[in-house]
Structures are given as structure tokens and as C-alpha cells.
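# Structural description and commentary
Chain by chain, the residues:
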Amino acid sequence: MDFGLTEEQEAHRKEFFEVCKELEKKRPPSFVGFEAVFEIDECWEFHLHCAKEFAKKGWLALAWPPEYGGTGTMMDRVLFAEARGYHGIPGADIFGVQMLAPTLLQAASDAIKKEFLPPIAQGEVMWCELWSEPNAGSDLATLATTAIKKGDEYVINGQKTWTTGAHRADWGFGVFKTDPAARKHHNITFILLDMKTPGITVRPIPYMNGGAPFDEVYFDDVHVPAKNIVGQENEGWAVVNLLAGFERSGMSEIMAMFRELEGLVKYCNETKRNGQPLARDPLIRNRVAQLACELQAARAIAYRIADLQNRNEMALMDASAAKIFYSELGERFAFFATDIAGPYGQVKTSRWAPMHGVWEKAFQECFITIISMGTNEIQRNIIAWYGLGLPRMK
Ligand SMILES: Cc1cc2nc3c(=O)[nH]c(=O)nc-3n(C[C@H](O)[C@H](O)[C@H](O)COP(=O)(O)OP(=O)(O)OC[C@H]3O[C@@H](n4cnc5c(N)ncnc54)[C@H](O)[C@@H]3O)c2cc1C
């Protein structure tokens, strides 16, 4: 692919960055790290405010077909994610805008698209992902929560876990066992459901940093209209694979690291140790330079993913490779930054916290991307089996 931007793309990129820069001025000081959106009320309100602002410009429907209110191209979507990531701006619901919408466009019936896409484009409805269960994570197809068809409804019973932001979401997309007698991978259906439906109980999972951005979700005879399925009944596995590809490409995470790198360089220039700025230390210089190179590589990978998606040529392993690279880079970055900051790197909320505690947060959160969306071990399996054609272990 050609990694250069056209004049039109440059102009769009400039506008995305300008709008996000303005929004950054209104960002609450408590908004540090990805989880804040789900943990802190004022951060969630800020997320909703940004969503409305982006909706007015049509940016929540980038690369959608015009009949659903779409504007722009896949590359615009990447450039928009760059701007949001760099300025630390939420507003593009990771579940609704980034995962579900492109999946519906490829896999849902016209009726589902007409009902569910416009509220996503308007920033009115927020979503959560109801996949993982206490005994089904990496091997998701072993899930046990059932959705049994009765007349024109499914009745759902069971439990999901690690559902990010379930306590904030209006709707959820989930996978459920619809034919307990059928063989694995051919017994699962992808269903959309209103989180206010009677019988749903959401319980927070306390997190080690004191917040609770994730939840357990219990289903006790929850009735959902049978029309709310995506794809065919019992063939939800194909939809899972499709959505997983959109989930793992990660441009905003990469751009957030670019901003943090700038902060780190500034810190190294301004902070003296043993009478010398940290930036003079050849070991530190070397590692910062290495990170900067790796970040450029991550950005190039994300651009390539967008190009493949644009041409409908993205394979599951492409997204897996990107996810491994940027998540492990994020971990290396967080470890390095807290290393440089020394004991101050552990400080969260005081004037002594370097960069307003961003590294303390990054250190605690960096493993999230390595586990969530399918662990990196599983991504390596995908690359080995589907990308390199290596044999599976018996
Ligand atoms: C912060 C966070 C947020 C999350 N948000 C959501 C969400 O919103 N919605 C949702 O549905 N889920 C969510 N998840 C769940 C996430 O998708 C699962 O945690 C993940 O898929 C791993 O599943 P598991 O936790 O059951 O681990 P397990 O599947 O039990 O795996 C345990 C370990 O064994 C390894 N392993 C397992 N099988 C293999 C294999 N075949 N080959 C090699 N290694 C293997 C894994 O890599 C891992 O290291 C979230 C998780 C986290 C940590």
C-alpha cells in the first residue's frame, strides 16, 4: 500500500485533530486511562458529550454506506481514531461504533441494520459485549449460557463475566447456546438485547485499582425478541470471527502511546538525576529511540489493516498480528516509563505524580489489552494455524 496521505485525507486528518484538541480542553481532570469512562460519572458524561459532538459531524458513521448515514472512507476512520487516541478523547463507543456497526453492515439483515445502526451513528445508544463466561474465555465456543427459542422469543439463562461497562450500556450484543444438542461452533447464536430487560442483573467486579469498570451479568429467564439475531440461528460463530477482527486493530491505543512518548521525552529533558537531565543518559536515549521506532511500526501496521479492510481483504490473522504488536508494545512502554520515573512512577493522584499519574495507570492497565479481545497466546495460535499453516497440537 501507499503509506502517504492524499490532500483530501490530510485535510480530514487536520479537522479530526482540531476538533479533538478543542474537546481535550473540556476533559475532566479525573479522566486518566481507558477505564475512567466506565468508572467515573463525570468521565462517562464527557464520553456522551463527545459522542454527540462527533455524531453531528457524521464521524460515528465513517466508512458506512450512505443509505445508513455513512460518510468518509475506512482511512478516515483510522485518521479519526488517531486524533481521538492522541488527544485522549472518548466518544466513539468501542463496542457500538468500533465493533458492532461494521459487523452489522456485513452480517445483519436489512431490518436489523435499519433498526440498530442509526442510534449508533447518533451517539444515542451505548453497547457492551456479552461473550466471556466463567468457564468460557479463550475457548469461547464452550459457553454455557442458553437462549432457547419459545414462539417469537428467546429465553436466556446463565452468566457472563468480564463485561466491560455493562453497568453503563443501554444494549448488549452476546453469544448464546441456542441448540444444546448440536456440535460445538454450530450451536451458538449472536443476539442483540436491551440491558434493561427484566431478569438481567449486573454486578460490578472490583478492580485492584479501586474502581469497578467490569461486571458480571446474570440472566434469569430473560425474554428477547427472536428477530434480534445477527446472521443465522446456530451460526453465530461466523459473526464472532467477523467482529473479533474489528475489535483487534487498535489505532487509538497506538496514538495514545505517541502522546505519552512526547510526555516521556519532555520528562526526560526536564528531570535531572545526579545533576544531569535524564535525556543525557545514553541507556535512556537508546530505549526511547527504540520505542519511537516501534510506535512508527505499529502505526504502519494499523494503516495496513485499514487498507486491507477497505478492500475487504483482511484475514483474522492480520488483526491478531496487530493486536499482539501494539498490546506488547504498550506493556514495554508502561514498564519502561515507570522504570524511568522511579518511585514517583507509583504515585497516582498528587502533585508528585509525573504526567498526572498516567504511568501509574498505564502500568496497572497495560496487561488488559494482552488478555482482553482474546489473549495473545490465542492470537499466536491463530497466526500459526491460519496464517502459517502450522499443524495443530493433538
Ligand atoms: C480487562 C478485561 C476486560 C474484558 N472485557 C470483556 C468484555 O467486555 N466482554 C467479554 O465478553 N469479555 C471480556 N473480557 C474477557 C476476555 O475476553 C477473556 O479474559 C479472555 O478471552 C481470556 O479468557 P479467560 O480469562 O477465561 O482465560 P483462559 O481462557 O482461562 O486462559 C487462561 C490462560 O491460558 C491460556 N490459554 C488458554 N487456551 C490456550 C490455548 N489453546 N493455547 C495457548 N494458551 C491458551 C490463555 O492465553 C491464558 O493465558 C475482558 C477481560 C479483561 C481482562
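### Considering the site of the ligand
Taken together, the neighbourhood of the ligand is formed by 19 residues, with Ser132, Ser138, Trp162, Thr164 and Thr375 sitting nearest. The contact in question runs from an oxygen atom of the ligand to an N or O atom on the backbone of tryptophan 131, over 3.0 Å. Taken together, the elements giving at least two residues each to the shell around the ligand come down to β3 (153-164), α11 (358-371) and α12 (376-387). Looking at side-chain class alone, the shell around the ligand contains eight nonpolar, nine polar and two charged residues. Counting only domains with at least three residues in the shell around the ligand, you end up with domain 2 (128-239) and domain 3 (248-387).

### Some points on the packing of helix α5 (residues 96-107) against helix α6 (residues 110-121)
Where α5 contacts α6, the axes come no closer than 10 Å and their chain directions differ by 155°. Our classification of the angle between α5 and α6 gives roughly antiparallel. In the crossing of α5 with α6, the sense of the turn from one axis to the other is left-handed. Listed contacts from α6 to Gly96, Val97, Leu100, Ala101, Leu104 and Leu105 of α5 are Ile112, Lys113, Phe116, Leu117 and Ile120. By residue class, the composition of the contact of α5 with α6 is nine nonpolar, one polar and one charged.

### Some thoughts on the pairing of strand β5 (residues 188-194)
For β5, the buried fraction is high: six of the seven residues fall into the buried class. One ladder, built from seven bridges, connects strand β4 (residues 171-177) with β5; its direction is antiparallel. Bridging from a neighbouring strand, phenylalanine 176 pairs with threonine 189 of β5. As paired elements, β5 and strand β8 (residues 229-230) share two bridges and run antiparallel to each other. By the bridge assignment for β8, isoleucine 191 is matched with isoleucine 229.

### Some thoughts on the domain arrangement of the protein chain
Looking at the assigned domains, one finds that the protein chain contains domain 1 (7-92), domain 2 (128-239) and domain 3 (248-387). Opposite the 18 residues of domain 1 that make contact, domain 3 presents 18 residues. Of the roughly 1500 Å² buried at the junction of domain 1 and domain 3 (both faces included), carbon and sulfur atoms supply 58%. By the criterion of area lost to domain 3, the three top residues of domain 1 are Val32, Met74 and Tyr86, representing 38% of everything that side buries. One can count four salt bridges joining domain 1 with domain 3. Linking arginine 259 and glutamate 24 is a salt bridge whose minimum nitrogen-to-oxygen distance equals 2.9 Å. Applying the counting criterion to the domain 1 and domain 3 interface returns five residue pairs in polar contact (both at pLDDT 80 or more). Counting only elements with at least two residues in the side of domain 1 that touches domain 3, the list comes to α1 (7-24) and α4 (74-87). Counting residues per element, the side of domain 1 that touches domain 3 draws most heavily on α4, which supplies ten residues. Across the side of domain 1 that touches domain 3, the residue classes break down as nine nonpolar, three polar and six charged.

### Comments concerning helix α3 (residues 41-56)
End to end, α3 covers 23 Å across 16 residues, agreeing with the expected 22 Å (1.5 Å per residue, within 8%). Taken together, the buried positions of α3 are occupied by Cys43, Trp44, Phe46, His47, Cys50, Ala51, Phe54 and Ala55. In this fold, the buried residues of α3 make contact with α1, α2 (36-39), α4 and α6. Positive backbone phi, at 80°, marks glycine 58, one or two positions downstream of α3.

### Looking at the environment of arginine 392
For arginine 392, the position within the fold is in the segment after α12. Expressed as a C-alpha distance, the spacing of arginine 392 and glutamine 106, which sit 286 residues apart in the sequence, is 30 Å. If sequence neighbours within four positions are ignored, arginine 392 has contacts with Trp385 and Tyr386. Among the polar contacts made by the side chain of arginine 392, one reaches the side chain of tyrosine 386 at a distance of 2.9 Å.

### Considering the environment of isoleucine 383
Checked against the element boundaries, isoleucine 383 lands in helix α12. Taking the C-alpha atoms as reference points, isoleucine 383 and aspartate 318, separated by 65 residues in sequence, lie 8.0 Å from one another. Here isoleucine 383 is in contact with Met317, Ser320, Ala321, Ile324 and Leu388, once residues within four sequence places are set aside.

### Observations concerning the side chain of glutamate 82
Its location among the elements puts glutamate 82 in helix α4. Residues contacting glutamate 82, with those up to four places away along its chain left out, are Arg13, Phe17, Met251, Met255, Arg299 and Tyr303.

### Side note on unusual backbone geometry
One non-glycine residue, histidine 185, adopts positive backbone phi at about 75°. When you line up the elements, histidine 185 lands in the loop between β4 and β5. Exposure remark for histidine 185: the relative accessible area of 29% places this residue in the partly exposed category. We note that asparagine 274 has phi near 55°; this positive angle belongs to a residue other than glycine. Residue placement: asparagine 274 occurs in the loop between β9 (272-273) and β10 (276-277). For asparagine 274, a relative accessible area of 80% puts it in the exposed group.

Criteria and cut-off values
Counting from 1, residues in each chain are numbered in the order their sequence is written. Residue-level local features of this predicted model are given only where pLDDT is at least 70; pairs of side-chain atoms are given and counted only at 80 or more, and the full residue set underlies all totals for whole chains, interfaces and linings. The basis for every side-chain value is the complete set of heavy atoms in the structure, and neither hydrogens nor water enter the calculation. We call a residue near a molecule or strand when any one of its heavy atoms sits within 4 Å of it. Under the rule applied, a polar contact is a pair of N or O atoms within 3.5 Å (in protein, one hydrogen donor and one hydrogen acceptor; residues adjacent in sequence only if both atoms are side-chain atoms). What counts as a helix is a DSSP run of H or I of at least four residues, what counts as a strand is a run of E of at least two, and both are numbered from the N terminus. Charged means Asp, Glu, Lys or Arg here, nonpolar means Ala, Val, Leu, Ile, Met, Phe, Trp, Tyr, Cys or Pro, and polar covers whatever is left, Gly included. Domains are outlined according to an automatic or database domain assignment. Between the N-to-C directions of two axes lies an angle of 0 to 180 degrees, each axis being a line fitted to C-alpha atoms and, for a helix, fitted only over the stretch in contact. The cut-offs work like this: below 35 degrees is roughly parallel, past 145 is roughly antiparallel, 65 to 115 is roughly perpendicular, and the gaps in between are oblique. Crossing handedness is defined as follows: a turn of the near helix away from the far one that is anticlockwise and smaller than a right angle gives a left-handed crossing, while the clockwise case is right-handed. Contacts were defined at the residue level, with two residues in contact if any of their heavy atoms lie within 4.5 Å. Buried, partly exposed and exposed residues are distinguished by accessible area as a fraction of the type maximum, computed with a 1.4 Å probe on protein chains only: under 20%, between the cut-offs, and over 50%, respectively. The pairing criterion is simple: DSSP has to find at least two bridges between the two strands. Defined in terms of a 1.4 Å probe, buried area is the accessible area two parts forfeit on being brought together, summed over both. Any carboxyl oxygen of Asp or Glu that lies within 4 Å of a side-chain nitrogen of Lys or Arg is treated as forming a salt bridge with it. A helix's residues, less one, multiplied by 1.5 Å, set its expected span.

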